[in-house]
Amino acid sequence: MTLSIDVVSDVVCPWCFIGQKKLDLALGMVPDIDVTLNWRPYQLDPTIPREGTDRQAYMLAKFGSQTKIDQIHARIESIGQELGIAFDFAAIKVAANTLDAHRLIRWAGATGPELQGRVVRNLFSAYFEQGRDIGDPQVLADLAGSSGMDAAVVSALLAAPSDIEAVQQEIATATTMGITGVPCFLLDGRYALMGAQEPEILADAIRQVAEQR
C-alpha cells in the first residue's frame, strides 16, 4: 500500500517539531505502508521582518509576561524530552521570518522527499536545539550543505527572488483550505489531522486511509 502525506508546518513552530517526531514514530508502526512525505509551507507570523527580530521582546509582546513564557517553554521542553528533542529556548535570540527557510525546503523537495525531510529536520534542530538564526541566508546555505545540497547554489538562489511568490501562494492556499494552525497532516489529499497528534492516532489514520484507497 502507498500513501502520500502533506505536512503543513512552520519551522519556528515547536509543536511542528514535536509533530515531526511523532509522525516518525507513527510511520514505524505501519511498516507495510509506503508513505511519501511532502513538507508544505506555513508562516505563523509573516509580519516578522525578513532579517528577524529580537525574540525576547517578541515573546513578551505576544504573551505578556516572562512567567507565562516560562510556563509555555517548560511544558514544551517536557514533551520534547520524551521524544528526544533538547529544546534550548534560552539559546534562541532571533525570532526568524521563515520565508527563506520554506524556499530552501521547496528546493530540497524538487530533488526528492528524503532530502527534503533531512533539510526540515536540520532546520528544526538548528533553531530549537542550537539557537541558530534560520532566517539568515548564510545559516540556511550552511544547513543546505550539511544536508547534502550545493551550498553555493542555494546562496545564489536565496540572493535572488527565486520561488518567493510560489511559496507565498502555497501558504495562501493552505489558508484558503481552512488551515489556521500547524502542524496539519493531509493524508492522501483528502483527510486532515490537525495538531501534534499522538503516534498511535496518526498510525491508525494512515492505515485507515490507505485501506480505503
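I will try to describe carefully the structure that is included in this document.

Parameters at a glance
Residues numbered from 1 in each chain as written. Predicted model: local features only at pLDDT ≥ 70, side-chain atom pairs only at ≥ 80, totals over all residues. Heavy atoms only, no water. Pairing = 2+ DSSP bridges. Helix = DSSP H or I, 4+ residues; strand = E, 2+ residues; numbered from the N terminus. Axes fitted to C-alpha atoms, helices over the stretch in contact; angles between N-to-C directions. Buried < 20%, exposed > 50% of the residue type's maximum accessible area, 1.4 Å probe, protein only. Lys, Arg positive; Asp, Glu negative; His and termini not counted. Salt bridge = Lys/Arg side-chain N within 4 Å of Asp/Glu carboxyl O. Polar contact = N/O pair within 3.5 Å; in protein donor to acceptor, adjacent residues only side chain to side chain. Expected span 1.5 Å × (residues − 1). Contact = heavy atoms within 4.5 Å. Parallel < 35°, antiparallel > 145°, perpendicular 65-115°, else oblique. Nonpolar A, V, L, I, M, F, W, Y, C, P; charged D, E, K, R; others polar. Right-handed = clockwise from strand over helix to strand, strands pointing away. Phe/Tyr/Trp six-rings, centres within 6.5 Å; stacked < 30°, edge-to-face > 60°.

This next bit is on the sheet that holds strand β6 (residues 191–194). Strand order in the open sheet formed by 4 strands is β2-β1-β5-β6, and the pairing between neighbours is mixed. Sheet topology places β2 (34–41) and β6 at the edges, where each strand pairs with a single neighbour. The average undirected angle you get between the axes of adjacent strands in this sheet is 20 degrees. Both strand β1 (residues 2–9) and β2 contribute to a ladder of 8 bridges, which runs parallel. Bridging across to β2, T2 finds its partner in D34.

A word on the side chain of D10. Looking at the element boundaries, D10 is found in the loop between β1 and α1 (14–28). One buried charged residue, D10, forms no salt bridge at all, with the nearest opposite charge on K62 at 9.0 Å. Among the polar contacts listed, one links the side chain of D10 to the backbone nitrogen of L44, at a separation of 2.9 Å. Reaching out from D10, the side chain makes a polar contact with the side chain of H102 at a distance of 3.1 Å.

Spacing of three or four residues puts side chains on the same side of an α-helix, whose turn is 3.6 residues. With 15 residues, α1 should reach 21 Å at 1.5 Å per residue; the first-to-last C-alpha distance of 22 Å fits that figure. Taken together, the buried positions of α1 are P14, C16, F17, I18, G19, Q20, K22, L23 and A26. Elements that come into contact with the buried residues of α1 comprise β1, β2, α3 (66–82), α5 (113–128), β5 (184–187) and α9 (199–212).

A few words on the packing of helix α4 (residues 99–111) against α5. As a packed pair, α4 and α5 sit with axes 7 Å apart at the nearest point and diverge in direction by 155 degrees. The angle between α4 and α5 falls in the class roughly antiparallel. Residues A101, L104, I105, A108, G109 and T111 of α4 form the contact with α5, whose own contacting residues are L115, Q116, V119, V120 and L123. A class-by-class count of the residues in the contact of α4 with α5 yields 8 nonpolar, 3 polar and no charged.

Of all 8 residues that make up β1, 6 are buried, and the element is covered over most of its length. Once the chain exits β1 it traverses α1 before rejoining the sheet at β2, and the crossover so formed is right-handed. Direction of pairing for β1 relative to β5: antiparallel, over a ladder of 4 bridges. Residue pairing in the sheet places V7 in a bridge with F185 of β5.

Here we come to the packing of aromatic side chains. Tallying each qualifying case throughout the model produces 8 aromatic pairs. On the basis of an interplanar angle of 75 degrees and a centroid distance of 6.4 Å, the ring pair of W39 and F124 is categorised as edge-to-face. Within this pair, whereas W39 is found in strand β2, its partner F124 is found in helix α5, the two being separated by 85 residues in sequence. Classification of F124 by relative accessible area gives buried; the value is 0%. Each member of the aromatic cluster is reached from another via a ring pair, and the members are F17, W39, F87, F89, F124, Y127 and F128.

Think of it this way: side chains of opposite charge can pair up when their charged atoms draw near. Within this structure, the stated rule accounts for 13 salt bridges. R106 is the salt-bridge partner of D163, the closest N and O atoms lying 3.8 Å from each other. Of this pair, D163 sits in the loop between α7 (151–159) and α8 (164–176) while R106 sits in helix α4; the two residues are 57 residues apart in sequence, bridging distant segments of the chain. Overall, D163 belongs to the partly exposed group, its relative accessible area being 30%. R106 is the salt-bridge partner of E170, the closest N and O atoms lying 3.1 Å from each other. With a gap of 64 residues between them, E170 in helix α8 and R106 in helix α4 connect regions that are remote in the sequence.

Relative to the 18 Å expected for 13 residues at 1.5 Å per residue, α4 spans 19 Å between its end C-alpha atoms, a close match to the ideal helical length. Regarding α4, the residues found buried are L99, D100, A101, H102, R103, L104, I105, W107 and A108. Where α4 is buried, its residues touch β1, β2, α5, α6 (137–147), α7 and α8. Two residues or fewer past α4, G112 is found with a positive phi of approximately 160 degrees.

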